[in-house]
Amino acid sequence: MGTRMGELRTYELEVFEQTCDYAELRLSTGGGPSKTRGLDRAAVDRLIGMVERDYSQHAVAQQVFGAPQLRDLGAKLATFLDGDERWLTPVLDSPPGITLRITAAERLRHLPWELLAPAGSYLTASASAPLLPVRSIGTNAALTDQVKPANRPLRVLFMATSPEGVEPVLGYEAEEAAILDATSRTGTELVVEESGTLEGLRFVSLDHGAGYFDVLHLSGHANVGADGQPLFLVENEFGGRAHATADQIAQALGGRWPRLVFVSGCLTASAPDAGAFPSMSESLVRAGAPVVLGWALPVGDVSATEFAAELYRSLAAGQALDRAVVEARQRLYANKRGNWHLLRVYADRSPLAPMVTPLHEKGRARIQTRPAEQEFLDPQTQLSRVASRAAFVGRRRVIQRCLRTLKQPHGGDGAAQALVLAGMGGLGKSSLASRLLERMPTHQRAVWYGRVDLPKFRELTTKIDFPTMEQQIEATKLLDTTEAPLLVRLRHLLHVDGPLGQTPCLFVFDDFEDGNLDERDGGHVLSPEMADILPALLTAIRDTGSPSRVIITSRYRFPTPAGTSIIIESLETLTDIEQAKKLASLSNLRPGSPIDPDVRQRAIEAAAGNPRLLDWLDRIVAAPDLDIDGLITAIEAEVDRFRRETILAKNLLASQPAELRKMLAKVNVVELPVPAETVRAVHDHPDATDHIARAVQLGLMEEGTDPETRQPRYYVSNVLRPLIRPLLTDDEYTQACAAAARSLYKLWITDPATTEPTS
């Protein structure tokens, strides 16, 4: 898409304030003296009036592709700039195009120069001679040295902010996936800061150092404070709403500005009060960023994602920054997106040059990290068993809590040697583990699937990329010797001067319940083989102060080995927002798919928010040889197969006490997660606490964390409903509904400040 010719020529448009009543408009084309004429302030006022009418946040015209009002506004902007002296005429149809740096007072800078349209043709969308307006801030350049492209893949720091309660919820996962897909040929090192906090941004920037990243991509919302100062919405440590000024973002980066900052969110380039106050994008340039991209008005997820994908495709291929922006805008225009003109560029005097070399440049470095999903291969099919990085959606708060656990130094609040991802089958425990590996690129990965004994565990040395061959040989000898206990050998392995002392690792035991746990007294304990391995590994991590950690995925919980620390993170059924994102990624169950709406809805309801079941049913509903009745029968059969594999296996449900099964049926009358107090209200039984603990331990009841109170909450999936609803009489069902309603009314309406103690 677009042209790939030489560098864009640079022109300068400047407003020179000679006196308080008189100003000149100057155009410099780089050859000869500047063209100068008096500034018609009345014409500027008329243009601003048109902008306020047709280009405001709520104006319909700016949202519609091909709106005549915008073309008329573009024509008037062109007439104003062309003037009687015909300034524009010599630059039209002159490949390869121009970058127009605009140095002007606030109101003139705020005009939508992206709409310039002499003779009805938009210059910024021209295929042969495009124009790129750049709102030039100040006379300094952050990049004072000669800018040379790095001979390596593009490096992008990606931080999405999605505070609780902020609407609309951004599709940041799709944006990340689109960037990865668009740059798959040339490669991009995409490092994700998952917390959405300024503190998280500071740590990632500090850990990688100045000059490491080429781009900082911030995905989120912006607004304006009461004092007119632009604010970017970020998260606090608990996922709540917080605001950041441009100066606070600059402080978090500590002067370690990348070449480009892309603030991809609604109104991030909107200058309040018709330009009287600077936009967030302009403020970031004033704070020290060389170049900032932002959106002047609200932009849809589809347009923002398409633009980002095309921008990074060009940058990763070695294109100059100005050319990359032009081509990304051309892509939106070619796809007839109504938002094509909203992207704005703010910059100091730094050159808009290439960031990296082309793919086949001699000696170009390659990305070393293997995609995490390739670590989770089925031993028989050799196919990945987890969602790819591009297909994973949701679980934001869970990921944030998990990363805090995995990164917490020994002795810190919430520190642990191991993280257990627990819950019912199909909720995405293995996919979450894969996501965590992607989010911690500083750690090596060793993944085991299913049963692990000592010979299998010793394969560790083939899974880790040791710094030197000597260290790998030493590690192999340590693990192979039988002359010392495993704990002693692992201490030497992880000691600061040992083979893995300077190589932090994530040791992952996936599907842990398959071969590593034995049933005992209605619960589960470590198998004899794993009882030798896991306690030794956790103790060695603790004793050496190693930054390495263990991740375990398991349907069932088990006792923590003595003297060690384990944090359990329980996965829940997808929330409505997470399910909507998941459905949007499925070819057949997505909104607007050609599948019969009744069949689609039946499948979505049957899946009950279970990610794996959604994937299964997405394939079922596309069966070409089935009519609607046949498809519905197939859906029910597939859901029944899921229940047999995840719930009825090993007689899991039927082997539980009758009162525990009744508790599950009573809690299932509520269609959302509830506090422990409500569980006890519907299940008024002396052993209620034990029933809750056992149901959670076996994965029959979900135990999540309430994002507001940060206390446990409980939910019984509708996947279980056909198995447990018959356990209640109609009167018992009605009583459970009434008890739940009374409890929730008390907790959420009459006494919402009450905090629920952990059960």
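Quick summary incoming for the structure in this document.

Calculation criteria
Residues numbered from 1 in each chain as written. Predicted model: local features only at pLDDT ≥ 70, side-chain atom pairs only at ≥ 80, totals over all residues. Heavy atoms only, no water. Helix = DSSP H or I, 4+ residues; strand = E, 2+ residues; numbered from the N terminus. Rg over C-alpha atoms; globule rule 2.2 N^0.38 Å. Buried < 20%, exposed > 50% of the residue type's maximum accessible area, 1.4 Å probe, protein only. Contact = heavy atoms within 4.5 Å. Lys, Arg positive; Asp, Glu negative; His and termini not counted. Charge placed at Lys NZ, Arg CZ, Asp CG, Glu CD. Pairing = 2+ DSSP bridges. Axes fitted to C-alpha atoms, helices over the stretch in contact; angles between N-to-C directions. Parallel < 35°, antiparallel > 145°, perpendicular 65-115°, else oblique. Left-handed = near helix turned anticlockwise from the far one by under 90°. Nonpolar A, V, L, I, M, F, W, Y, C, P; charged D, E, K, R; others polar. Patch = residues over 30% accessible without salt bridge, like charges linked within 9 Å, V, L, I, M, F, W, Y side chains within 5 Å. Areas by Shrake-Rupley, 256 points an atom, 1.4 Å probe, with all protein chains shown as cover. Salt bridge = Lys/Arg side-chain N within 4 Å of Asp/Glu carboxyl O. 1 Å grid on protein atoms, 1.4 Å probe; cavity = no way out; pocket = protein on both sides within 12 Å on 5 of 7 lines; lining within 4 Å. Points joined across faces, edges and corners; volume = space filled by probe spheres on them. Phe/Tyr/Trp six-rings, centres within 6.5 Å; stacked < 30°, edge-to-face > 60°.

The helix and strand tally for the chain stands at 26 helices and 24 strands. Taking 2.2 N^0.38 as the reference for a compact globule, 759 residues should give roughly 27 Å; the C-alpha atoms of the chain span a radius of gyration of 30 Å, in line with that estimate. For the chain, the spread of C-alpha atoms along the principal axes amounts to about 90 × 70 × 55 Å. Within the chain, the fraction of its 759 residues that count as buried is 55%. Taking the contacts inside the chain whose residues are at least 6 apart along the sequence as the reference set, 74% of them involve residues at least 24 apart. Counting 82 positive and 97 negative side-chain charges, the chain places the centres of these two groups 3 Å from one another.

Let us look at the sheet that holds strand β13 (residues 291–295). Ordered by their spatial adjacency, eleven strands build an open sheet running β3-β2-β1-β4-β5-β14-β13-β12-β8-β6-β7, and the pairing between neighbours is mixed. With partners counted over all chains shown, the strands left at the sheet margins are β3 (35–38) and β7 (188–193), one partner each. Taken over all neighbouring pairs, the strand axes of this sheet differ in orientation by 20° on average, direction set aside. When strand β8 (residues 215–219) meets strand β12 (residues 260–264), the two strands line up parallel, connected through five bridges. Paired with L216 across the strands is V261, a residue of β12. The sheet strands contacting helix α9 (residues 301–316) are β6 (154–160), β7, β8, β12, β13 and β14 (343–347), and the helix crosses β12 at an angle near 165°.

With that settled, the discussion passes to unusual backbone geometry. Excluding glycine, a negative phi dihedral is what most residues carry, and trans is how most peptide bonds are arranged. In the Ramachandran plot, A119 falls in the positive-phi region, its phi being about 60° despite a non-glycine side chain. Take A119: it is sitting in the loop between α3 (106–109) and β5 (131–136). With a phi angle near 60°, K336 is a residue other than glycine that sits in the positive phi range. Within the secondary structure, K336 is located in the loop between α10 (321–334) and β14.

Another point: the sheet that holds strand β11 (residues 241–244). Paired through backbone hydrogen bonds, the strands of a sheet run either parallel or antiparallel to each other. One open sheet holds the three strands; their spatial order is β9-β10-β11, and the pairing between them is antiparallel. If you trace the sheet from one side to the other, it starts and ends with β9 (222–224) and β11, each paired once. In this sheet, neighbouring strand axes are inclined to one another by 45° on average, regardless of whether the strands run parallel or antiparallel. By the bridge criterion, four bridges tie strand β10 (residues 230–235) to β11 in an arrangement that is antiparallel. When the sheet's bridge partners are listed, F232 is paired in β11 with A244.

Running from N to C, helix α1 (residues 41–54) and helix α2 (residues 68–82) point in directions that differ by 165°, and their axes come no closer than 11 Å. Regarding the angle of α1 to α2, the classification is roughly antiparallel. The element α1 and its partner α2 pack so that their crossing is left-handed. Contact residues: A43, V44, L47, M50, V51 and D54 in α1; Q69, L70, D72, L73, K76, L77 and F80 in α2. Its residues assigned to classes, the contact of α1 with α2 shows nine nonpolar, one polar and three charged.

Glancing now at a nonpolar patch on the surface. Residues L672, Y745, W748 and I749 make up a contiguous nonpolar surface patch of about 420 Å² in total accessible area. Within the secondary structure, I749 is located in helix α26 (residues 730–750).

Once that is clear, we can look at empty space enclosed by the protein. Taken as a whole and assessed by the stated rule, the structure comprises eight cavities of 30 Å³ or more. Its boundaries defined by the atoms lining it, the largest cavity holds a volume of some 100 Å³. The dominant element in the lining of the largest cavity, judged by the number of residues it contributes, is α9, at three residues. For the lining of the largest cavity, the residue count by class is four nonpolar, five polar and two charged.

This part is about the environment of V192. Along the polypeptide, V192 turns up in strand β7. Sequence separation between V192 and L613 is 421 residues; the distance between their C-alpha atoms is 28 Å. Filtering out sequence-adjacent residues up to four positions away, V192 remains in contact with F158, E176, R389 and R439.

A word on the side chain of S431. One can find S431 in helix α12 (residues 429–439). Leave out the neighbours within four places in its chain, and S431 touches V386, A387 and F392.

For the structure on display, the rule yields 14 aromatic pairs. Considering the side-chain rings of F262 and F307, the 5.9 Å spacing of their centres and the 75° angle between planes classify their relative orientation as edge-to-face. Of the two residues, F262 sits in strand β12 while F307 sits in helix α9, which places them 45 residues apart along the sequence. You can call F307 buried: its relative accessible area is 0%. Taken together, the ring pairs in this structure connect W448, F457, F509, F512 and F558 into an aromatic cluster.

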